[in-house]
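Inside the fold
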Amino acid sequence: MLSWMAWTWPTALFFIALFTAMGVITFIEIRWPGTSERKGVLGLTTTRGDRLFLGLLGSAYIFLAWLGIFGTPLWVPLGLALAWLFFCFWKV
């Protein structure tokens, strides 16, 4: 049924991780609503969802830039993307 798309384990794990992150953020926001607004190093007032969005968007740019400049393997940009996500939730 889904044979038109090239589903691989890395692709499936990516989507599982993405939807898990959104589910966790939703659960936390329902459990503790409105407690996450803060002003970070970028000078923006952000919520958990904003920080997740900025982290995922920046991670996509990291991977695209790495692929455009160096190609594969993708272990280094994975580390950079995880570091960016942690930075977004810690300081942004």
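Further up the page is the structure itself.
The structure contained in this document is the topic of the report that follows. (Residues numbered from 1 in each chain as written. Predicted model: local features only at pLDDT ≥ 70, side-chain atom pairs only at ≥ 80, totals over all residues. Heavy atoms only, no water.)

A word on the overall build of the protein chain. From N to C terminus, the protein chain includes three helices and two strands. Taken from the N to the C terminus, the helices and strands of the protein chain come in the order α-β-β-α-α. At 15 Å, the protein chain has a C-alpha radius of gyration far larger than the 12 Å of a compact globule built from 92 residues. Viewed in the frame of its principal axes, the protein chain has a C-alpha envelope of about 40 × 35 × 15 Å. For the protein chain, long-range pairs separated by at least 24 residues make up 50% of all intrachain contacts whose partners lie at least 6 apart in sequence. Surface exposure of the protein chain reaches about 7100 Å², of which carbon and sulfur atoms provide 77%. (Helix = DSSP H or I, 4+ residues; strand = E, 2+ residues; numbered from the N terminus. Rg over C-alpha atoms; globule rule 2.2 N^0.38 Å. Contact = heavy atoms within 4.5 Å. Areas by Shrake-Rupley, 256 points an atom, 1.4 Å probe, with all protein chains shown as cover.)

Time to look at a nonpolar patch on the surface. Together, Val 41, Leu 42, Leu 44, Phe 87 and Trp 90 give the surface a local cluster of nonpolar side chains, amounting to about 540 Å² of exposed area. Tracing the backbone shows Leu 44 in the loop between strand E1 (38-39) and strand E2 (45-46). (Patch = residues over 30% accessible without salt bridge, like charges linked within 9 Å, V, L, I, M, F, W, Y side chains within 5 Å. Salt bridge = Lys/Arg side-chain N within 4 Å of Asp/Glu carboxyl O.)

Remark: helix H1 (residues 9-31) packs on helix H2 (residues 48-69), axes separated minimally by 10 Å, with the N-to-C direction vectors making an angle of 165°. In terms of orientation, H1 and H2 fall into the roughly antiparallel class. Where H1 crosses over H2, the two elements pack in a sense that is right-handed. Seen from H1, the contacting residues are Leu 18, Ala 21, Met 22, Ile 25, Ile 28 and Glu 29; seen from H2, they are Arg 48, Gly 49, Leu 52 and Leu 56. (Axes fitted to C-alpha atoms, helices over the stretch in contact; angles between N-to-C directions. Parallel < 35°, antiparallel > 145°, perpendicular 65-115°, else oblique. Left-handed = near helix turned anticlockwise from the far one by under 90°.)

Next up on the list: the packing of aromatic side chains. Counting across every chain of the model gives four aromatic pairs. Between Phe 14 and Phe 15, the ring centres sit 5.2 Å apart and the planes meet at 75°, which makes this aromatic pair edge-to-face. Phe 15 gets classed as partly exposed once you look at its relative accessible area, which sits at 29%. Among the aromatic side chains, those forming a connected cluster through ring pairs are Phe 14, Phe 15 and Phe 19. Taking NZ or CZ as reference, Lys 91 lies 4.5 Å from the ring centre of Trp 90, over its face. (Phe/Tyr/Trp six-rings, centres within 6.5 Å; stacked < 30°, edge-to-face > 60°. Buried < 20%, exposed > 50% of the residue type's maximum accessible area, 1.4 Å probe, protein only. Lys NZ or Arg CZ within 6 Å of the ring centre and 35° of its normal.)

Assignment of secondary structure puts Lys 39 in strand E1. A relative accessible area of 61% places Lys 39 in the exposed class. Residues Lys 39 and Val 92, 53 residues apart in the sequence, show an inter-C-alpha distance of 7.1 Å.

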